[in-house]
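Residue-level listing of the chains:
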Amino acid sequence: MATEADTNPYNDDFEWPSTLYREMRDISTVAFFIYQFGYLIDAARDEGEPLVGVTTNEANKINNKVGDYGRSFTPAEVKSLIQDNRKHLKSYGKEFNNKNVEILNIILDKLQARADEFPDMERPLVVEAYDDLHQKKECVYGIVRDSTNKRLTLCFRGTNKLSLVKNWLANVSILKEKVEIPDMLKGKVSEDSLDFHSGFYNYLFNETEDESDEIGTTKYDQILEDLKELTVKYPDHKVYVTGHSLGAALSGLCSFFLACEPDLPKPISCINFASPRFGGEIYYESSQYLEKTKQLRMLRSVNDNDSIASVPSVGYYHGGISCTMEKNGWFFKAGKPSIEYRKMGSRWWSKLSYDLSQSAWTSLNIGYDHGDYISRIKLHKEELEKYNLNKLYTDEDLTGFKLEDK
């Protein structure tokens, strides 16, 4: 098992997670927490029957700028809101049925227990920001501050009933959007423009719907402003980005651009779940440059036979290290997680083998349930504790490069 004393290749005093299991567990938990938090806030906006413990006015203010919206939420406070409003939430929808509430309560208890281990810290684990004000047209995100681990985790919401039409329009808009390469990458990669999945890119970079925003303001601009404000307030915290499915694609896309921002602490860490592909070949080359120069860490968690993680196929590439986990292997025993990386300098047959292993043909499962990523991580705990993401990035046989300073 890796230990806290393992070499830190990023030359900082940050205490990185000791194992891949711990890092994946923590981030998947926060991602699920934010997903359910959105439903809770939506229920709180019901003027006909407001929730006990949060007013409709408070719920609406949550979409204001970081620090302006009046209150943050600890895991214990969120649990109390659910318990005090069980009857109302049951009528809201299946999101608060007994099974989902049971899972959510376990997660909230674990998060709060972690916070309680640091009694000298004031509100060490809270939702600092959440924005779904124009969710029918804009992507939805939240930011969780975890001062026990010194993390600011940006979470993107995935495909969701609250904005189902816009979500699916983003998913199926697979034409490519050509964009200028960020300044820090100019001269570092083979071309001066990048191709991205137009649905995902425009979801993040279209102008915002809020009339009070300056003309030309994008969702990415809002997110960047929030993160800059929080990293100034908490300078010893690192930025993580996560999401599931559509949210995973947005997390990968956003983390790529955040890694190019000079005013944010590096590396940016992206750990996502069931991510579709979203970038072309120059994105793939640029992403590897950012990883190689210690600006970006990326891990894609993939459940075996998950079709969402294998599309779109033609002309699109995955970035980062992938960790694929089975549910049942030989004799109904889960096999070991598969850790893979598509090397830039690989021979054509090695790339072909990798691409086939990540293709829709080998992952075809239209009826697959995307809701068990947390349980799959728990199932593979013993094996995942043998890995460490930083050590994987120092494995030149895996990545094909040696980490270097920018």
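Residues numbered from 1 in each chain as written. Predicted model: local features only at pLDDT ≥ 70, side-chain atom pairs only at ≥ 80, totals over all residues. Heavy atoms only, no water.

Caption draft 1: Layout of the environment of Y39. Looking at where Y39 falls in the secondary structure, it is placed in helix 1 (residues 20–44). As a C-alpha pair, Y39 and L89 span 50 residues in sequence and 9.3 Å in three-dimensional space. (Helix = DSSP H or I, 4+ residues; strand = E, 2+ residues; numbered from the N terminus.)

Caption draft 2: Spotlight on the packing of helix 1 against helix 5 (residues 98–116). Where helix 1 meets helix 5, the axes come as close as 10 Å, and the angle between the chain directions of the two elements is 120 degrees. The angle between the axes of helix 1 and helix 5 places the two elements in the oblique class. The hand of the helix 1/helix 5 crossing is left-handed. Between helix 1 and helix 5, the residues in contact are D26, T29, F32, F33 and Q36 and I103, L104, I107, L108, L111 and R114, respectively. The class makeup of the residues in the contact of helix 1 with helix 5 is seven nonpolar, two polar and two charged. (Axes fitted to C-alpha atoms, helices over the stretch in contact; angles between N-to-C directions. Parallel < 35°, antiparallel > 145°, perpendicular 65-115°, else oblique. Left-handed = near helix turned anticlockwise from the far one by under 90°. Contact = heavy atoms within 4.5 Å. Nonpolar A, V, L, I, M, F, W, Y, C, P; charged D, E, K, R; others polar.)

Caption draft 3: Representation of the sheet that holds strand 3 (residues 151–156) in the model. In spatial order, the strands read 1-2-3-6-7-8-9-10; together these eight strands make up an open sheet with mixed pairing. At either margin of the open sheet sits one strand with a lone partner, and together these are strand 1 (125–131) and strand 10 (338–340). Geometrically, the sheet is characterised by an average inter-axis angle of 20 degrees between neighbouring strands, direction not taken into account. Where strand 8 (residues 296–303) meets strand 9 (residues 321–325), five bridges bridge the pair, whose relative direction is parallel. Bridge assignment links L299 to a residue of strand 9, and that residue is I321. The sheet contacts of helix 1 involve strand 1, strand 2 (141–146), strand 3, strand 6 (238–243), strand 7 (268–273), strand 8, strand 9 and strand 10, and relative to strand 3 the element is tilted by about 55 degrees. (Pairing = 2+ DSSP bridges.)

Caption draft 4: Broad picture of the pairing of strand 8. In terms of burial, strand 8 is a largely internal element, eight of the eight residues being buried. The alternating pattern of strand 8 places L296, M298, R300 and V302 on one face and R297, L299, S301 and N303 on the opposite face, and all of these are buried. You can see the chain leave strand 7, run along helix 10 (residues 281–292) and come back into strand 8, and the turn it takes is right-handed. (Buried < 20%, exposed > 50% of the residue type's maximum accessible area, 1.4 Å probe, protein only. Right-handed = clockwise from strand over helix to strand, strands pointing away.)

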